[in-house]
Protein chains: 2
Amino acid sequence: MSQIFRNHLEKFIKINDENFEEILSYFEVRTFAKKANLLEEGQICKSNYFVLKGILRKFFINEKGTEQTTEFAIETWWMTDNISYEHKLPSEFYIQTVEKSEILVISNDAQEKLLEKFPVMEKYFRIIYQRAYASSQNRVKYIFSLSKEAFYFSLMKKQPAFVQRVPQYLIASFLGFTPEYLSEIRKRIIS
Amino acid sequence: MSQIFRNHLEKFIKINDENFEEILSYFEVRTFAKKANLLEEGQICKSNYFVLKGILRKFFINEKGTEQTTEFAIETWWMTDNISYEHKLPSEFYIQTVEKSEILVISNDAQEKLLEKFPVMEKYFRIIYQRAYASSQNRVKYIFSLSKEAFYFSLMKKQPAFVQRVPQYLIASFLGFTPEYLSEIRKRIIS
């Protein structure tokens, strides 16, 4: 399973067997059941999560008491609450498994030590954060520019496997509309 | 003026005089008039911009033909269109000065060379992107969770100097509402 992580690292940096084993020793592999909370609102987010298998989602509970999903992470994606993780502040988010998942977990302290010991990991994380930031910028653009329906079509086109795999009510929560509205759009597509 | 950049670097990494001079040689200092376009839709974004003095904003033109501002950068903030910059794709955005600005400009190629020559800059940019990503995640949360009015109040509370400095129609564009609506909210506050 750790080969998935090694392949991902090697997309961005060069690493030998010995170094990889040592890098891996900073992480813990954990299996979580479906709908397990890795982080809850109010807790300090002490870990950074890399998905080996499964799906994570991040959400917050809005003033109406509804879960608003802001991000998903599938295989080889990282997820954490960056503000809580970096500044050791209580989180406003939940991080939850969408299905049974195998996750590579690193604590904030271990990540600091890893970066000190292996400066090449600075490059790896620089690229990871650069890309995550770019996606997040695009998400802001989509929220402002696309109609709800266009947003759904764009997601279907770009991430068809993902739309198949994730329950529809979570897709609705990510797009910011009700499951009923999503169901209507889907009916319109079929007919 | 370059001292502003040095102070910023030294918040995150250690650097001596000789190295700083060499690092600086990868950049160009440029002065732009108010409302100058550093990037236009359709162009490939070849530079990364660090604000020494002034303000930049990033916007796109939506289907109604209105400018929708997605980001601002004030002193010591970086701005680029990351997707266009990294993947050499035509940009969907404009980057424009809000006032006369002095900008430290680095090209994509120069930045790659800088990172190779000074691996400590990987750490610097890792932290920069990590924080930019965190802000962007928060922005997504605010868009979904706050009412338009609450969004404006939150911005006023967190960035009062910024709200004073930026023309109101740009604040409106950032918050996703019309200048008229913003004007109404402001009248309500005063009365």
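As a starting point, this report considers the structure included with it. The structure presented is a predicted model; accordingly, all values stated were derived computationally and were not measured. (Residues numbered from 1 in each chain as written. Chains lettered and ligands numbered in written order. Predicted model: local features only at pLDDT ≥ 70, side-chain atom pairs only at ≥ 80, totals over all residues. Heavy atoms only, no water.)

1. Focus on the overall build of chain A
Turning to step 1, where the next piece is worked out: Regarding its fold elements, chain A presents nine helices and eight strands.
Turning to step 2, where the next piece is worked out: Taken over C-alpha atoms, the radius of gyration comes to 18 Å for chain A, in line with the 16 Å a tight globule of 191 residues would show.
Turning to step 3, where the next piece is worked out: Based on the C-alpha atoms only, the size of chain A along its principal axes is roughly 55 × 35 × 30 Å.
Turning to step 4, where the next piece is worked out: The buried share among the 191 residues of chain A stands at 51%.
Turning to step 5, where the next piece is worked out: For chain A, restricting intrachain contacts to residue pairs at least 6 apart in sequence, the fraction spanning at least 24 positions comes to 68%.
Turning to step 6, where the next piece is worked out: Carbon and sulfur atoms make up 51% of the accessible area of chain A, which amounts to about 9,500 Å² in all. (Helix = DSSP H or I, 4+ residues; strand = E, 2+ residues; numbered from the N terminus. Rg over C-alpha atoms; globule rule 2.2 N^0.38 Å. Buried < 20%, exposed > 50% of the residue type's maximum accessible area, 1.4 Å probe, protein only. Contact = heavy atoms within 4.5 Å. Areas by Shrake-Rupley, 256 points an atom, 1.4 Å probe, with all protein chains shown as cover.)

2. Considerations on unusual backbone geometry
Residue and element names in this part refer to chain A.
Turning to step 1, where the next piece is worked out: One non-glycine residue, K35, lies in the positive phi region at around 65°.
Turning to step 2, where the next piece is worked out: Phi at T76 takes a positive value of approximately 70°, unusual for a residue other than glycine.
Turning to step 3, where the next piece is worked out: With respect to the secondary-structure elements, T76 resides in the loop between β5 (67–73) and β6 (78–79).

3. Topic: a nonpolar patch on the surface
Turning to step 1, where the next piece is worked out: On the surface, a nonpolar cluster with roughly 300 Å² of combined accessible area is contributed by F153(A), I189(A) and I190(A).
Turning to step 2, where the next piece is worked out: Residue placement: I189(A) occurs in helix α9 (residues 179–190). (Patch = residues over 30% accessible without salt bridge, like charges linked within 9 Å, V, L, I, M, F, W, Y side chains within 5 Å. Salt bridge = Lys/Arg side-chain N within 4 Å of Asp/Glu carboxyl O.)

4. Let's talk about the sheet that holds strand β7 (residues 94–97) of chain A
Residues and elements named next belong to chain A.
Turning to step 1, where the next piece is worked out: If you walk across this open sheet you meet the four strands as β2-β7-β4-β5, and the pairing is antiparallel. In this open sheet, the two strands that pair with only one neighbour each are β2 (37–39) and β5. When the angles between neighbouring strand axes are averaged without regard to direction, this sheet yields 30°.
Turning to step 2, where the next piece is worked out: Judged from the six bridges that link them, strand β4 (residues 56–61) and β5 form a sheet pairing that is antiparallel. Along β5, the bridge assignment pairs F60 with Q68.
Turning to step 3, where the next piece is worked out: Seen against the sheet, helix α8 (residues 168–175) touches β4 and β5 and runs at an angle of roughly 100° to β5. (Pairing = 2+ DSSP bridges. Axes fitted to C-alpha atoms, helices over the stretch in contact; angles between N-to-C directions.)

5. So, the relation of the copies chain B and chain A
Turning to step 1, where the next piece is worked out: Least-squares fitting of chain B to chain A yields an RMSD of 0.0 Å, with the transformation described by 0.0 Å of translation along the axis and a rotation of 180°. Here the copies are linked by what is in effect a two-fold axis.
Turning to step 2, where the next piece is worked out: Taken as a fraction of all interface residues of chain B, those also at the interface in chain A reach 100%, which identifies the copy contact as same-surface. (Least-squares fit on C-alpha atoms with pLDDT ≥ 70 in both.)

6. Some points on the interface of chain B and chain A
Turning to step 1, where the next piece is worked out: Facing the 36 residues of chain B at the interface are 36 residues of chain A.
Turning to step 2, where the next piece is worked out: Buried surface at the junction of chain B and chain A, summed over both partners, amounts to about 3,700 Å²; 61% is from carbon and sulfur atoms.
Turning to step 3, where the next piece is worked out: Three residues, R126(B), Y133(B) and F144(B), lead the burial of chain B against chain A; their summed loss comes to 20% of the area buried on that side.
Turning to step 4, where the next piece is worked out: Seen at the junction of chain B and chain A, the total is six salt bridges.
Turning to step 5, where the next piece is worked out: Taking the shortest distance from any N to any O, the salt bridge between K141(A) and E92(B) comes out at 3.0 Å.
Turning to step 6, where the next piece is worked out: Along the contact surface separating chain B from chain A lie eleven residue pairs in polar contact (both at pLDDT 80 or more).
Turning to step 7, where the next piece is worked out: For the side of chain B that touches chain A, the secondary-structure elements that each account for two or more residues are β4 (56–61), β5 (67–73), α3 (82–87), α5 (120–145) and α8 (168–175) of chain B.
Turning to step 8, where the next piece is worked out: Here the side of chain B that touches chain A takes 19 residues from α5(B), the largest share from any one element.
Turning to step 9, where the next piece is worked out: Its residues assigned to classes, the side of chain B that touches chain A shows 14 nonpolar, eleven polar and eleven charged. (Buried area = accessible area lost by both parts, 1.4 Å probe. Polar contact = N/O pair within 3.5 Å; in protein donor to acceptor, adjacent residues only side chain to side chain. Nonpolar A, V, L, I, M, F, W, Y, C, P; charged D, E, K, R; others polar.)

7. Points about the sheet that holds strand β8 (residues 101–107) of chain B
Residue and element names in this part refer to chain B.
Turning to step 1, where the next piece is worked out: Spatially, the four strands line up as an open sheet ordered β1-β8-β3-β6, and their pairing is antiparallel. Strands with a single pairing partner mark the edges of an open sheet, and in this sheet they are β1 (28–32) and β6 (78–79).
Turning to step 2, where the next piece is worked out: When β1 meets β8, the two strands line up antiparallel, connected through five bridges. Following the sheet pairing, V29 is matched in β8 by L104.
Turning to step 3, where the next piece is worked out: The strands that helix α1 (residues 2–12) touches are β3 (47–53), β6 and β8; relative to β3, the one it contacts most, it runs at about 105°.
Turning to step 4, where the next piece is worked out: The sheet strands contacting helix α4 (residues 108–117) are β3 and β8, and the helix crosses β8 at an angle near 70°.

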